Each structure stands twice: as C-alpha cells, then as structure tokens.
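So you can see what is in the structure, the chains are spelled out below.
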Amino acid sequence: MTEVTFYLSSKAGDGVRQALAWRIADKALKQGRLVYVHCQNEAHARQLDSEFWHSPKTGFLPHAVHGAGDAPVILGHGPDPGDHHDVLINLTDQVPDFASRFQRVAEMISGAENERQAGRQRFRFYRERGFPVTTHELG
C-alpha cells in the first residue's frame, strides 16, 4: 500500500515547495530510493532542473528531466512517470492518477492559503481511499 506523507511549511512564497522537494529528494536518495518529482508543466520541470543544479550551494542532486536522460531523480509533468521509481514528490495541486504506483508519496504544502486549501483536498482524497497518511510540520 502506498504511504502518503504531507510536509507542511509555515513559510509562504515562491520556491517554498521546491525547497521542500529538494530536501525530501535528497533524503530519499540517501536511503537508496529512486524519486519522481511531478511538476505542474514542462516549464516548471525545466525551472526545477535549473534550480536543482544550484541548490543548495553546498550540495548536488543528481537528476534529469523525464525523457532527457536517466538519473536517480526524474523531473516530469506528464500522465506517465515511467517505471522504477520508489518515491513520488507531488508539486501539483492535484493527486496524480498514477500515485498508487509508488511506495511513498510526498506532498509539499507551503503556508500560502491557496496551497493549504488544495492540500486539504488532496489529504481528504487519500484518506477517503484508505491510504495511510501522516503529516510533518517543518516550520
């Protein structure tokens, strides 16, 4: 059964969810997991591609945009994430149709009210379908 974890930040603004995604992807890689980061669209995936090369300044996250190469972290946006990923990091406001194909789903929620509302809807979706759901407050 897919486990779902909501990571909640009190911070609002551009880049909060992406920073959380970087932290969770880095942690998953250190645990030997393969990660798929589900982005809003192609432009968002390309933006993250650029950010993941430079964030944090002391780190490196080996990644590739879906279809442009192979890496332990794949950034994608389409309806098919491919195979061989353990962790889904969802950066969209919807639950992807393929979420149950992953061992774990990480939902990133910033302190922005619109993101909190969308997060509550996703939380209800997972709970109503019997997914085990946990939350972590990250400050």
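All values derive from a computational prediction rather than experimental measurement. (Residues numbered from 1 in each chain as written. Predicted model: local features only at pLDDT ≥ 70, side-chain atom pairs only at ≥ 80, totals over all residues. Heavy atoms only, no water.)

J.: So what's going on with the overall build of the protein? Residues and values would help.
T.: In terms of helices and strands, the protein carries three helices and seven strands. Listing the helices and strands of the protein from first to last along the sequence gives β-α-β-α-β-β-β-β-α-β. Its C-alpha atoms give the protein a radius of gyration of 14 Å, near enough to 14 Å, the size a compact globule of 139 residues would have. Along the first, second and third principal axes, the C-alpha set of the protein runs to 35 × 30 × 30 Å. Counting all 139 residues of the protein, 47% fall into the buried class. Counting only contacts in the protein whose residues sit at least 6 apart along the sequence, the fraction spanning at least 24 positions is 68%. Here the protein has roughly 7500 Å² of accessible surface; of this, 48% comes from carbon and sulfur atoms. (Helix = DSSP H or I, 4+ residues; strand = E, 2+ residues; numbered from the N terminus. Rg over C-alpha atoms; globule rule 2.2 N^0.38 Å. Buried < 20%, exposed > 50% of the residue type's maximum accessible area, 1.4 Å probe, protein only. Contact = heavy atoms within 4.5 Å. Areas by Shrake-Rupley, 256 points an atom, 1.4 Å probe, with all protein chains shown as cover.)

J.: Please set out the pattern of salt bridges residue by residue, giving values where relevant.
T.: Counted according to the given criterion, the structure contains nine salt bridges. In this structure, the salt-bridge partner of Arg17 is Glu115, at a minimum N-O distance of 3.8 Å. Separated by 98 residues along the polypeptide, Arg17 in helix H1 (residues 16-30) and Glu115 in helix H3 (residues 113-128) bring together distant segments of the chain. One network of salt bridges, with partners in common, ties together Arg17, Asp93, Glu107, Glu115 and Arg122. (Salt bridge = Lys/Arg side-chain N within 4 Å of Asp/Glu carboxyl O.)

J.: Can you tell me about the packing of aromatic side chains, naming the residues and giving the values?
T.: Scanning the entire structure with this criterion turns up seven aromatic pairs. Between Phe98 and Phe102, the aromatic rings sit 6.2 Å apart at their centres with planes inclined by 50°, giving tilted as the arrangement. Here Phe98 matches Phe102 in class, with each residue buried. Look at Tyr126 and Phe131: their rings are 5.4 Å apart centre to centre, the planes differ by 85°, and that puts the pair in the edge-to-face class. (Phe/Tyr/Trp six-rings, centres within 6.5 Å; stacked < 30°, edge-to-face > 60°.)

J.: If you had to explain H3 to someone new, which residues and values would you point to?
T.: Taking 1.5 Å per residue, 16 residues should reach 22 Å; H3 reaches 23 Å between its end C-alpha atoms and fits that length. Structurally, H3 contributes buried residues whose contacts are with strand E1 (3-8), H1, strand E5 (87-90), strand E6 (104-109) and strand E7 (133-137). Directly beyond the C-terminal end of H3, a positive phi value near 85° is found at Gly130. (Expected span 1.5 Å × (residues − 1).)

J.: For the pairing of E1, give the residues involved together with the corresponding values.
T.: Counting buried positions along E1 gives five out of six residues, so the element sits mostly inside the fold. As defined by bridge partners, E1 adjoins E6 across six bridges and the pair is classed as parallel. Note that in E6 the partner of Leu8 across the bridge is Ile109. Pairing of E1 with E7 involves five bridges; the strand directions are parallel. In the sheet register, Leu8 faces E7, and the bridge partner there is Glu137. (Pairing = 2+ DSSP bridges.)

J.: So what's going on with the pairing of strand E4 (residues 73-76)? Residues and values would help.
T.: Neither face of E4 is left uncovered, since the one carrying Val73 and Leu75 and the one carrying Ile74 and Gly76 both have all their residues buried. Alignment of strand E2 (residues 35-38) against E4, held across four bridges, turns out to be parallel. Within the sheet, the bridge partner assigned to Tyr36 lies in E4 and is Ile74. Of the pairings in the sheet, the one linking strand E3 (residues 63-65) to E4 comprises three bridges and is parallel in character. The residue bridging Val65 from the neighbouring strand is Leu75, located in E4.

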